[in-house]
Amino acid sequence: MITAARVKLYPNERQKVLLEKHLGSCRFVYNYFLAKRDEYHITHNDADKSSLSYLDTQKHAS
């Protein structure tokens, strides 16, 4: 059974700025690694392994 809870946030101005910065960073990292995976797929299309896994991406990040 799947359950969910809805929560509405009312952040003050300082919290809004921090949320926007955090979400902007998350968006940047997601798009960066998405581009890396697409690039890998294009360059290694004929190989046995034509895409990056989560673990491959994790190794690249550290």
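Going by the structure above, here's the rest.
In this numbering scheme, every chain counts its residues from 1 along its sequence in written order. Given that the model is predicted, a residue must reach a pLDDT of at least 70 before its local features are reported, and side-chain atom pairs must reach 80 or more before they are shown or counted; all residues, however, enter totals for whole chains, interfaces and linings. Side-chain measures here rest on the full set of heavy atoms in the structure, leaving out hydrogens and waters.

Any two rings among Phe, Tyr and Trp, with Trp reduced to its six-membered ring, count as a pair given centres within 6.5 Å; such a pair is stacked if its planes are under 30 degrees apart, edge-to-face if over 60, and tilted if neither. Tallied over the full model, the rule gives 2 aromatic pairs. Centre to centre, the rings of Phe-28 and Tyr-32 are 6.3 Å apart; their planes meet at 20 degrees, and the pair counts as stacked. Residue Phe-28 and its partner Tyr-32 are located together in helix 1 (residues 13–43), separated by 4 residues, close to a single helical turn. For the pair Tyr-32 and Phe-33, a centre-to-centre distance of 5.0 Å together with 85 degrees between the ring planes defines the contact as edge-to-face. Taking relative accessible area as the criterion, Tyr-32 reaches 35% and is therefore assigned partly exposed. The class of Phe-33 is buried, set by a relative accessible area of 17%. Through a chain of ring-to-ring contacts, three or more aromatic side chains come together here, namely Phe-28, Tyr-32 and Phe-33. Helix and strand assignments come from DSSP, with helices taken as H or I runs of at least 4 residues and strands as E runs of at least 2, each series counted from the N terminus. Each residue is placed in one exposure class: buried if its accessible area under a 1.4 Å probe, protein chains only, is under 20% of its type's maximum, exposed if it is over 50%, and partly exposed if it falls in between.

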